[in-house]
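A structural walkthrough
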Amino acid sequence: MSKIVKETEKALKDIITKAINTAIQAGELPEAEIPEFIIERPSNKANGDYSSNAAMAGARAFKKAPRAIAESILSHIDLSNTLFSSAEIAGPGFLNFFLSQNYYSEILKDVIACGNTYGKSDYGEGKKVIVEFVSANPTGPMHIGNARGGAIGDCLASVLDWAGYDVSREFYVNDAGNQIEKFGLSLEIRYLQHFDSSIEMPEDAYHGADITEHAENFIKEYGDEYVSATTEERRRALVDFALPKNIAGLERDLGRYRIKYDKWFKESTLHNDGSVDKVISALKEKGVTYEQDGALWFKASEFGNDKDIVLIRANGLPTYIVPDIAYHYNKLVTRGYDKAIDVLGADHHGYVPRMKAALTALGLDASRLDIVIMQMVRLVRDGETIKLSKRSGKAITLNTLIDEVPLDAARFFFNLREPNSHFDFDLELAAKKSSENPVYYVQYAHARICSIIKKAESEGIVLKTPTDEELALLSSEEEKELIRHLSMLTDEIISAAKAYDPAKITHYVIDLATLFHKFYNAQRVMVDDEGLMQARLYLCKAVKDTINNILTMLKITAPEVM
């Protein structure tokens, strides 16, 4: 929360505690240990800016009715030299407190003083967190689900960074296993078909145009050199040729989407450095495996999973879960991250208990791994679901999406809903330049404030830091409501970090833009009263800086002109 908010809440706790102790010393309350009580912000402002249940919490200790306790506390409350103006009793004994005008002034001064760091906190205490997201198979282009996962994962990493964590972004490259075998087979068939059209492509192979393109480019470089090679040599050469190009393409396309990873971690690393074998050995040593039907099984059902799982198939090859276990062990043990967060698709629900079971069996605290499950997204145009790109006639990929809609809209829209909710992405709305489009609405608020400040400067007005007396003039409900919302940014970022939900931030900034427009429509900024004008320009700047901070955090532009 804002430094001022934090200090105010601590001060209120001290005020109430001091009043209870004074009431005890005066004999109005019996000697007793002061029980824990809470301080909260009522949803209804008629109940004050803050409310406390101190009287109700003390009923048992003080052996009196809460209302009577509240009256004793209230009679000894001293609000002089605080940011509170008054207090009252409500209902059965709630203590309600109202903030003074000074509070709002202090919030604004804090926002302006913090500048481009306003909203940041040390909540995460510098703990090391790794966020792994997208991690699309490098055997083809990224689809629309990857577009949502990219926006959610990248913005979540930013939120965690602003909340005080030491954050790393990572892409896990599945460059080993079944999909790479299938990739090699598909490339091989397309390569051989060039020289013998009678060869058929298996139904379960990859049939995309990109496979044919890779094969043709390989032929341009190597000709028929690999026609007579062994299958193993041919496939290896084709994969070694095509896979790096696909990975480079993923990096390029995600870079276009404003996503930059700290590390691209290859699955093959885990096979080559012995990590996969070490995981198998460790699970065997802990006595949590058994052999059945020629396969090696993990007793996952003893660690919270619904059934046991195969680690090594009867043919001696590990299942996909083994390198995944090794990968998470690498993150949490080898590299020493305090927390690993994976952003995965809705088809990974069963994956969560399996992975946590394996980590527990290896002696790790499985709560150090958190999985954010992301639901599917539907693309909608004119109320109709669309699956194909009008331009290419193929499934819409990340690239075709950001060809169709502004990049800012794509990143913002995918973070409008909590990750585990289904989302309809309205292509028409995303491209609209109107207040119906939420990202345009927020950007317009920022541009409008820039315009107000430029207009003031063009008229020879020099922006000054208002005096406390001038800031006290910001007393309308629209102004106070706007400042109250500004004060909650840091708290909202921490809340989003706790919930792994960047949508809390998009909702916050939409509400901020709404409150600004409400203020602007109700109160003129350029008034004759110099002090009030300076105070309102100061408020405008605080809102502008805050919108800019949020959009910067989400890697969305904050235009000065629209």
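Model, not experiment: these values are computed from the prediction.

Tallying secondary structure elements over the chain gives 22 helices and 15 strands in all. The buried share among the 562 residues of the chain stands at 52%. Sequence-distant contacts in the chain: of pairs separated by 6 or more residues, those separated by 24 or more amount to 71%. Once the 66 positive and 83 negative side-chain charges of the chain are each reduced to a mean point, those two points are 1 Å apart.

Bringing the sheet that holds strand β15 (residues 423–426) into the picture now. Taken together, the three strands give an open sheet; going across it, the order is β14-β13-β15, and neighbouring strands pair in mixed fashion. Unpaired on one side and paired on the other, β14 (384–386) and β15 mark the two borders of the sheet. Averaged over all neighbouring strand pairs, the angle between strand axes comes to 45°, with direction disregarded. Note that strand β13 (residues 377–381) and β14 share three bridges and pair antiparallel. Across the sheet, R381 pairs through a bridge with E384, a residue of β14.

Attention now moves to unusual backbone geometry. Phi angles above zero are rare outside glycine, and S135 is one such case at about 40°. Here the phi dihedral of D293 falls at roughly 55°; this positive angle occurs in a residue that is not glycine. For D293, the location among the structural elements is in the loop between β8 (289–292) and β9 (295–298).

Bringing the sheet that holds strand β4 (residues 94–99) into the picture now. In a beta sheet, neighbouring strands pair by backbone hydrogen bonds and run either parallel or antiparallel. Reading across from one edge, β1-β2-β4-β3 is the order of the four strands in this open sheet, with antiparallel pairing throughout. Of all the strands in the sheet, the pair left with one neighbour each is β1 (39–40) and β3 (84–90). With two bridges joining them, β1 and strand β2 (residues 50–52) adopt antiparallel strand pairing. Residue pairing in the sheet places E40 in a bridge with S51 of β2.

Attention now moves to the pairing of β3. Examined bridge by bridge, β3 and β4 share six bridges and lie antiparallel to one another. Residue pairing across strands places E88 opposite N96, the latter belonging to β4. Between β3 and β4, which pair antiparallel one after the other, the connecting turn spans three residues, and G91 there sits at a positive phi close to 55°.

Pairs may arise between side chains of opposite charge once their charged atoms sit close together. Within this structure, the stated rule accounts for 29 salt bridges. For D154, the salt bridge goes to R411, with nearest N and O atoms at 2.8 Å. Here D154 is found in helix α6 (residues 144–162), whereas its partner R411 is found in helix α15 (residues 407–413), with 257 residues between them in sequence. Comparing D154 with R411, the two get one shared label, buried. Of the charged contacts in the structure, one is a salt bridge between K555 and D154, with a shortest N-O distance of 2.9 Å.

With that settled, the discussion passes to the pairing of β8. Where β8 meets β9, four bridges bridge the pair, whose relative direction is antiparallel. Along β9, the bridge assignment pairs Y290 with W297. What sits between the antiparallel neighbours β8 and β9 is a turn of two residues, in which D293 has the positive phi angle 55°.

The subject of this paragraph is helix α1 (residues 3–25). Helix length check: α1 (23 residues) gives 33 Å between terminal C-alpha atoms against 33 Å at 1.5 Å per residue, within 8%. G27 sits one or two residues past α1 and shows a positive phi near 80°.

L160, Y257, L401, F414 and F425 are the most contacted members of the largest nonpolar core, which totals 143 residues. With 13 residues, the top contributor of residues to this core is helix α22 (residues 530–553). Discounting residues that sit within four places of it in the chain, Y257 has contacts with A147, G150, A151, L398, I402, L407, A410, R411 and F414. Counting residues in hydrophobic clusters, the runner-up holds 36 residues, among them L283, I321, A340 and L362.

Next up on the list: the environment of A499. By secondary structure assignment, the location of A499 is in helix α20 (residues 489–499). Each C-alpha atom of the pair A499 and L401 lies 28 Å from the other, and the pair is 98 residues apart in sequence.

Here we take up the side chain of T8. Mapped onto the elements, T8 comes out in helix α1. A polar atom in the side chain of T8 sits 2.6 Å from the backbone oxygen of I4. Those residues in contact with T8, other than ones at most four positions away along the chain, are Y50, L83, F84, L99 and Y103.

Calculation notes
- Residues numbered from 1 in each chain as written.
- Predicted model: local features only at pLDDT ≥ 70, side-chain atom pairs only at ≥ 80, totals over all residues.
- Heavy atoms only, no water.
- Helix = DSSP H or I, 4+ residues; strand = E, 2+ residues; numbered from the N terminus.
- Buried < 20%, exposed > 50% of the residue type's maximum accessible area, 1.4 Å probe, protein only.
- Contact = heavy atoms within 4.5 Å.
- Lys, Arg positive; Asp, Glu negative; His and termini not counted.
- Charge placed at Lys NZ, Arg CZ, Asp CG, Glu CD.
- Pairing = 2+ DSSP bridges.
- Axes fitted to C-alpha atoms, helices over the stretch in contact; angles between N-to-C directions.
- Salt bridge = Lys/Arg side-chain N within 4 Å of Asp/Glu carboxyl O.
- Expected span 1.5 Å × (residues − 1).
- Core = buried A, V, L, I, M, F, W, Y, C linked by side-chain atoms within 4.5 Å.
- Polar contact = N/O pair within 3.5 Å; in protein donor to acceptor, adjacent residues only side chain to side chain.

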